[in-house]
There are 2 protein chains.
Amino acid sequence: MADRTIAARRSSRRALIPALALACLSALAGCSTAPAARGTGDLGLIIERATGRAQIVDTTQHQRLATVSGLGDLSHASVVFSRDTRYAYVFGRDGGLTRIDLLSARITHRVVQAGNSIGGAISQDGRIVAAQNYEPGGIRLFDAATLKPLADIPAIGADGRRSKVVGLVDLPGQRFAASLFESGEIWLIDASDPAHPKVDKLAAGKQPYDALVTPDGRHYLAGLYGEDGLARVDLWQDPPAVRKVMSGYGRGETPLPVYKMPHLRGWAIAQGEAWLPAIGRHEVLVADTRDGWKENARVAVAGQPVFVMARPDGRQVWVNFAFPDNDTLQVIDTRSRRVVRTLKPCRGVLHMEFTPKGEEIWFSCRDDNRVEVYRTDTLTPVASLPADNPSGVFFTPRAYRFGM
Amino acid sequence: MADRTIAARRSSRRALIPALALACLSALAGCSTAPAARGTGDLGLIIERATGRAQIVDTTQHQRLATVSGLGDLSHASVVFSRDTRYAYVFGRDGGLTRIDLLSARITHRVVQAGNSIGGAISQDGRIVAAQNYEPGGIRLFDAATLKPLADIPAIGADGRRSKVVGLVDLPGQRFAASLFESGEIWLIDASDPAHPKVDKLAAGKQPYDALVTPDGRHYLAGLYGEDGLARVDLWQDPPAVRKVMSGYGRGETPLPVYKMPHLRGWAIAQGEAWLPAIGRHEVLVADTRDGWKENARVAVAGQPVFVMARPDGRQVWVNFAFPDNDTLQVIDTRSRRVVRTLKPCRGVLHMEFTPKGEEIWFSCRDDNRVEVYRTDTLTPVASLPADNPSGVFFTPRAYRFGM
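Residue positions are given per chain, counted from 1 along the sequence in the order it is written. Written order decides the labels, with chains lettered from A and ligands numbered from 1. In keeping with the model being predicted, local features are shown solely for residues with a pLDDT of at least 70 and side-chain atom pairs are shown and tallied solely at 80 or more, while totals for entire chains, interfaces and linings include all residues. Values reported for side chains reflect all heavy atoms of the structure, with hydrogen atoms and water molecules removed beforehand.

### Remarks on the side chain of B:Thr355
Rule in force here: Helix and strand assignments follow DSSP, with helices taken as H or I runs no shorter than four residues and strands as E runs no shorter than two, numbered in order from the N terminus. Burial classes: relative accessible area under 20% of the type maximum marks a residue as buried, over 50% as exposed, and values in between as partly exposed (1.4 Å probe, protein chains only). For this analysis, a polar contact is any N or O atom pair within 3.5 Å, provided that within protein one partner can donate a hydrogen and the other can accept it, and provided that sequence-adjacent residues contribute only side-chain to side-chain pairs. Note on contacts: a residue pair qualifies if any of its non-hydrogen atoms lie within 4.5 Å across the two residues.
Counting through the fold element by element, B:Thr355 comes out in the loop between strand S28 (349-354) and strand S29 (360-365). The class for B:Thr355 is buried, based on a relative accessible area of 0%. Of the polar contacts made by the side chain of B:Thr355, one reaches the side chain of B:Glu359; its length is 3.1 Å. Leaving out residues up to four positions away in the same chain, B:Thr355 has contacts with A:Arg83, B:Pro312, B:Glu360, B:Trp362 and B:Phe395.

Now the structure itself:
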């Protein structure tokens, strides 16, 4: 009953939000040149991929606060946040790296640092922003306060040629890890002296296409496009070494056509288990992170899974799907390993983001030009925000998490 | 070499900080009535227990920004933060509950809500602040924006009498858990309708004196003063039930005099294991959180441990001690389970707090009137801030964590 009361109250507010959001809500949105004085812990960024813009949103009030344009090509864009959660760093596909002040809704710095780029990371202490580039293949380090270049690390592999770089993440100890696609290597980068980074190079396997780091910063896993299985590095081991795990997880023996290679960053770690999209199959796999990443279970789902995201408490896992099932979201109860709800909320569900304590989830509906907010207990809608072809949704508490 | 360069740079800054910190550094500190526009993700509060004051600090610059006074009796004070990380709620021993605006360094609301109180919590969605009271024994709920009372839950146990309340934590699903000392109960409180909370009551055992919730919000553990062992509730179980675990962990059979009962909130959870202070012994215990909380190991330490805190990546555990060893800190490497460093940084080490990604640790030196900041990789000092009998150190990213 209590739930219904709150849902009703929020629904009535819901109708107001789109209209209000178009007006000027605060010192943000260009109403003033002065930055707004407000907490930055409940802010987020929604990427509007087609127009090179990003919305700044408030996750407490479910409001759009402002829109920032001029961010370049935002297909496959990703975002990291400064450690004070005031600034967002947006990595564009065109190599653009843009620093946005969330309080004044303005671009403070912007560099086009490569020709073709696929994301980045921020160091443990927040002082270094790192970009991973396809063209020219390599990693570049920048001062987080000024975007002044600190170091350029060309990804010249053991084959003597320049590789595309994927799977860049930050690690404890002012380090980064990244993978080289063509040369099949994992690089561990110590950026304690950011002008003179030190690189350890490990042979990973054929064509690593993406990677993740576990939330504790201990295990780096790279998916391999050219062979079955994953390359795993236990960073606590001295010296670190690559082990192959999850044989069968890769493209090599896929019996179904793959509409979209899943992101490894779309894996969930909950209760010591990894929940991950099977490649080309209508299944989510459950692997034991403690015991050699052996498969514990498979859960049948509605389509080819893309992102498999755990609610912060690990009790639920939410799954979205590749075309033609990208109008669907499924919620799995991790205790019973059952799909407990199938939602058809909108067309083109691209990305999901939980509020930090998990009471709500935001997801982008690209083809319906909006972002939806749902409660995670009742699985009912709370708010809907208009957005122009939205893709990624990113909230400031990512500042405190490795690999985010 | 790189490490040494950075350490040297920081050391030179270190000397400047105390002098600067006494001046007025920003729109904070009463220089202006206007709140400062700045990110709130790197702010923290240091309790100055003897004077009823709290310092607002910046963990990026290692600076004191302002001091707020008028907070009442701050012995045993604790702090939670609003979900936008702009406001701190300070629970005083005298029943005072104070809401501080970290941006303007002012008290926005203050109520004296009980005669004798021992802390509080904030709900998953950040809308409800809950206080746990000794006198009169009970739990009170307040609107987080206004401190307007929402509900009063007298802790009248199965014995028909009013108990002291301990171990209050927030849980997923807009719930709280708390323990009743005299009546030996654990209460699970559903605050979905905050004016009409629903309470489930479980028999816990003799005299629960403190409790914790695991970081995933799944397991609630209460320490028992009147018997050996702990009461554990798996909140995923339906209906939840109490199980006794860690027989032998309690006061009942303690062979050594206990100078200070350890806080359960000073436990560390790292890599699926709990690291906890042995009661009355010079040992830290390691228990497996997955397998009935059985003891896996014991690590000999320098004194009676009080707080056992894990660095966010779980690789290190830091331990402080009861008198007469409260001038000592020990660092345990969790992989080898060995003490890797014994520090004697100052007198009266009371409380520790890691920066969110763990590159630094702050700790209070009550008897030397300062707070020290150390790097966690080199285990060397970074900064020192003057403080008047400091006790607790609390950083805003606690806003995103259950039980914090």
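### Thoughts on the confidence of the model for chain A
Residue and element names in this part refer to chain A. How we decide: pLDDT expresses, on a scale from 0 to 100, how confident the predictor is about each individual residue.
Of all residues in chain A, 88% have pLDDT values of 70 or greater, and the mean over the chain is 89. Counted against residues more than four places away or in other chains, residues 1-32, with its pLDDT under 50, gives 51 contacts. Scoring of the predicted complex yields 0.91 for pTM and 0.90 for ipTM.

### Re the environment of A:Ala222
Along the chain, A:Ala222 falls in strand S17 (residues 219-224). In this view, A:Ala222 contacts A:Ser179, A:Ile186, A:Pro208, A:Asp210, A:Ala211, A:Leu230, A:Ala231 and A:Leu264; residues no more than four positions away in its chain are not counted.

### Quick notes on the interface of chain B and chain A
A common way to express how large an interface is: the accessible area buried when the components associate. Put simply, the rule is: Reported buried area values correspond to the accessible surface (1.4 Å probe) lost by two parts on association, with both partners' losses combined. The working definition used for a salt bridge is a side-chain nitrogen of Lys or Arg within 4 Å of a carboxyl oxygen of Asp or Glu. For this classification, the nonpolar set comprises Ala, Val, Leu, Ile, Met, Phe, Trp, Tyr, Cys and Pro, the charged set comprises Asp, Glu, Lys and Arg, and every other residue, Gly included, is treated as polar.
Contacts between the two partners involve 50 residues from chain B, matched on the other side by 50 residues from chain A. Interface area for chain B against chain A, summed over the two sides, is near 4500 Å², with a carbon-plus-sulfur share of 50%. On the chain B side of the interface with chain A, the three residues burying the most area are B:Arg83, B:Trp236 and B:Lys357, jointly 20% of the side's total. Taken together, the links from chain B to chain A amount to four salt bridges. Of the charged contacts, one joins B:Glu359 and A:Arg83 as a salt bridge, the two residues approaching to 3.4 Å between their closest N and O atoms. Between chain B and chain A we count 27 residue pairs in polar contact (both at pLDDT 80 or more) in total. Among the elements that line the side of chain B that touches chain A, the one with the most residues is helix H1 (residues 2-22) of chain B, at five residues. Class assignment for the residues of the side of chain B that touches chain A results in 14 nonpolar, 15 polar and 21 charged.

### Considering the pattern of salt bridges
Throughout the structure, instances matching the rule amount to 46 salt bridges over all chains. In this structure, the salt-bridge partner of B:Asp170 is A:Lys357, at a minimum N-O distance of 2.7 Å. Linking B:Asp170 in strand S12 (residues 165-171) with A:Lys357 in the loop between strand S28 (349-354) and strand S29 (360-365), this pair reaches from one chain into another. For the pair B:Asp170 and A:Lys357, one class covers both residues: buried.

### Here we look at the relation of the copies chain B and chain A
This is how the line gets drawn: Least-squares superposition aligns the copies on the C-alpha atoms of those residues with pLDDT at or above 70 in both.
Mapping chain B onto chain A leaves a residual RMSD of 0.0 Å; the transformation is a rotation of 180° accompanied by 0.0 Å of translation along its axis. The operation mapping one copy onto its partner corresponds to a two-fold rotation axis. When C-alpha distances to the rotation axis are compared across chain B, the minimum falls at B:Ala37, with a value of 2.0 Å. Both copies contact each other with a shared surface, as 100% of the interface residues of chain B are interface residues in chain A too.

### Section: the state of the cysteines
All names here are of chain A. Where we set the bar: When the sulfur atoms of two cysteines come within 2.5 Å, that pair is taken as a disulfide.
Taken as a whole, this structure holds two disulfides over all chains when the rule is applied. Note that Cys346 is cross-linked by a disulfide to Cys365, the S-S spacing being 2.0 Å. Handedness here is read from the sign of the S-S torsion; for Cys346 and Cys365, about -70°, the answer is left-handed. In this pair, Cys346 is assigned in the loop between strand S27 (338-343) and S28 and Cys365 in strand S29, connecting sequence segments 19 residues apart. For the pair formed by Cys346 and Cys365, the shared burial category is buried.

### Observations concerning the packing of aromatic side chains
For clarity, the threshold we go by: Under the pairing criterion, centres of Phe, Tyr and Trp rings, with the six-membered ring standing for Trp, must be within 6.5 Å; the plane angle then separates stacked pairs below 30 degrees from edge-to-face pairs above 60, leaving the rest tilted. Put simply, a charge is over a ring when the Lys NZ or the Arg CZ is close to the ring centre, within 6 Å, and near the line of the ring normal, within 35 degrees.
Taken as a whole and judged by the stated rule, the model has 11 aromatic pairs over all chains. Judged by centre distance (6.2 Å) and plane angle (75°), the ring pair of A:Tyr209 and A:Tyr225 falls under edge-to-face. Of this pair, A:Tyr209 sits in strand S16 (residues 208-213) while A:Tyr225 sits in the loop between S17 and strand S18 (230-234), and the two are 16 residues apart along the sequence. Exposure remark for A:Tyr225: the relative accessible area of 31% places this residue in the partly exposed category. For the pair A:Trp318 and A:Phe354, a centre-to-centre distance of 6.3 Å together with 85° between the ring planes defines the contact as edge-to-face. Linking A:Trp318 in strand S25 (residues 316-321) with A:Phe354 in strand S28, this pair joins segments that are 36 residues apart in sequence. Each member of the pair, A:Trp318 as well as A:Phe354, carries the same accessibility label: buried. A cation over an aromatic ring shows up here: B:Arg99 above the ring of B:Tyr87, its NZ or CZ 3.6 Å from the ring centre.

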